[in-house]
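# Coordinate inspection notes
Listed below, chain by chain, are the residues.
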Amino acid sequence: MTCPMPISQYPQVLMAHGGGGRLMQQLIETMFLSAFANPLSEERHDGAIIEVGGQRLAFTTDSYVVRPLFFPGGDIGTLAINGTVNDLAMCGARPLYLSVGFILEEGFPMQDLWRVVLSMQEAAKKAGVVLVTGDTKVVDRGKGDKIFVNTSGVGIIDPGIDINPKRAAVGDTIIINGPMAVHGMAIMSVREGLEFETQIESDTAALHDLVAAMLKASKNIHVLRDPTRGGIASALNEIAGSAKVGILIHEEKIPISEEVKGACEILGLDPLYVANEGKLLAFVPPEDAERVLAAMKAHPLGKDVAIIGEVVSDHPGFVMMRTRIGGTRVVDMLSGEQLPRIC
């Protein structure tokens with residue numbers, strides 16, 4: 001077999017290949033999907049939806065390499081639990097069981113490991129999921145970076161729910177449950193030693209209860225996506241590509257806190273591409289949008305909900321943004337990511 005990647009252009013793996021942007025998409029499409037192609041993986045969902053004994057299940061896996069391990073609002077442990085719970089929730093599933101794999105570097109302090117374990121225990125209890133199996137490996141000193149965590153999860157999808165990125169349809173209302181770019185800037189404020197009047201804390205949270213409230217209001221939600229690596233810009237581009245529809249967002253309607261906006265300006269970052277860990281994007285038919293909005297506003301994780309755009313028939317496969325001054329610009333997918341090692 002011949003490697004399908006353009007080896008002459010990228011003979012080695014780059015950090016950008018894991019950043020959620022265009023290079024990562026190319027790596028997935030030209031190498032991984034070509035080698036492991038099957039109907040389930042081609043759905044490009046946050047997890048695989050499989051049927052066992054007449055019951056639909058969602059199955060997902062994710063790995064966490066965040067630096068620093070401990071940050072305002074959370075740590076690698078809470079991130080691992082919440083992130084996998086959210087991937088299941090974005091499939092419309094009720095999360096049930098998780099696995100955890102630890103890759104530890106020789107010399108990593110036991111006290112820090114215990115702190116991570118306790119964070120995972122607390123986050124799992126709060127989310128109502130159970131860690132039922134796992135694995136541990138130790139690598140030589142200097143051959144890792146303290147600790148890497150992998151979590152996988154399984155959840156049940158109730159009848160009548162069909163959430164899929166390919167279901168985005170012209171006319172859909174696009175909703176976000178709160179201010180963007182919080183997690184990424186919480187990490188960067190620690191890395192860069194930035195201090196603000198109000199400390200920026202990660203928005204990491206388990207979103208499955210919020211999703212359950214939304215689905216109670218309407219089972220006809222078309223798409224759910226948590227905009228983690230690559231931010232809302234990358235998530236919207238992925239959905240536009242999967243459904244072959246155009247997306248129009250409105251800059252003035254996208255919520256962002258003053259602290260996060262200020263931090264992005266200082267560091268020269270576009271908040272549209274900054275990671276979130278407690279936010280979701282929902283594509284909802286216009287006739288159901290008000291009911292879903294009301295359900296979200298009644299939930300603590302949706303009190304700052306906002307409509308940020310709509311699905312349009314123009315420019316299929318592309319995301320456009322109406323700017324505050326009335327212009328329009330393309331919101332493309334970055335080649336890599338502005339912030340490495342963010343989750």
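All values derive from a computational prediction rather than experimental measurement.

## Quick word on the nonpolar core
If you look at the biggest cluster of nonpolar residues, it comprises 68 residues, and the most contacted ones within it are I147, M185, I249, L272, F283 and I308. Of the residues forming this core, the biggest block, 7 residues, is contributed by helix α6 (residues 231–243). Residues contacting F283, with those up to four places away along its chain left out, are A168, D172, T173, I174, I221, H222, V223, L236, I239, I247 and V311.

## Overview of the sheet that holds strand β5 (residues 93–105)
Taking strand neighbours across the sheet as the criterion, the 5 strands line up as β1-β2-β7-β5-β6 in an open arrangement whose pairing is mixed. If you trace the sheet from one side to the other, it starts and ends with β1 (48–52) and β6 (130–139), each paired once. Strand-to-strand, the axes of this sheet are offset by a mean angle of 20 degrees, without reference to chain direction. As paired elements, β5 and β6 share 9 bridges and run parallel to each other. Looking at β6, one finds that Y97 is bridged to V130.

## Quick word on unusual backbone geometry
A cis geometry characterises the amide bond from R67 onward to P68, with omega recorded as 5 degrees. Tracing the chain through its elements places P68 in the loop between β2 (55–64) and β3 (70–71). Even without a glycine there, the phi angle at A181 is positive, about 70 degrees. Looking at where A181 falls in the secondary structure, it is placed in the loop between β8 (173–176) and α4 (182–192). Phi at R341 is positive, roughly 55 degrees, even though this residue is not glycine.

## Considering the packing of aromatic side chains
Tallied over the full model, the rule gives 0 aromatic pairs. Positioned above the aromatic ring of F70, the side-chain terminus of R115 is 3.8 Å from the ring centre.

## A word on the layout of surface pockets
Of the pockets and cavities examined, the second largest pocket occupies roughly 350 Å³. Considering the residues around the second largest pocket, the lining is formed by 15 residues, among which N82, K126, T204, A205 and A206 are closest to the centre. Of all elements in the fold, only α2 (76–90), α3 (110–127) and α5 (208–217) reach the threshold of two or more residues within the lining of the second largest pocket. Here the lining of the second largest pocket is composed, by residue class, of 5 nonpolar, 7 polar and 3 charged.

## As for α3
End to end, α3 covers 26 Å across 18 residues, agreeing with the expected 26 Å (1.5 Å per residue, within 8%). What α3 keeps buried is the set L113, V116, S119, M120, A123, A124 and A127. Buried positions in α3, seen along its axis, are confined to an arc of 130 degrees and lie on one side of it. Every exposed residue of α3 that faces more than 90 degrees away from the buried side is listed here: M110, Q111, Q121, E122, K125 and K126. Turning to α3, the residues buried within the fold contact β3, β4 (74–75), α2, β5, β7 (147–157) and α5. The positive-phi residue at the C-terminal boundary of α3 is G128, with phi of around 75 degrees.

Quick notes on the rules
Residues numbered from 1 in each chain as written. Predicted model: local features only at pLDDT ≥ 70, side-chain atom pairs only at ≥ 80, totals over all residues. Heavy atoms only, no water. Core = buried A, V, L, I, M, F, W, Y, C linked by side-chain atoms within 4.5 Å. Buried < 20%, exposed > 50% of the residue type's maximum accessible area, 1.4 Å probe, protein only. Helix = DSSP H or I, 4+ residues; strand = E, 2+ residues; numbered from the N terminus. Contact = heavy atoms within 4.5 Å. Pairing = 2+ DSSP bridges. Axes fitted to C-alpha atoms, helices over the stretch in contact; angles between N-to-C directions. Phe/Tyr/Trp six-rings, centres within 6.5 Å; stacked < 30°, edge-to-face > 60°. Lys NZ or Arg CZ within 6 Å of the ring centre and 35° of its normal. 1 Å grid on protein atoms, 1.4 Å probe; cavity = no way out; pocket = protein on both sides within 12 Å on 5 of 7 lines; lining within 4 Å. Points joined across faces, edges and corners; volume = space filled by probe spheres on them. Nonpolar A, V, L, I, M, F, W, Y, C, P; charged D, E, K, R; others polar. Expected span 1.5 Å × (residues − 1). Arc of directions from axis to C-beta.

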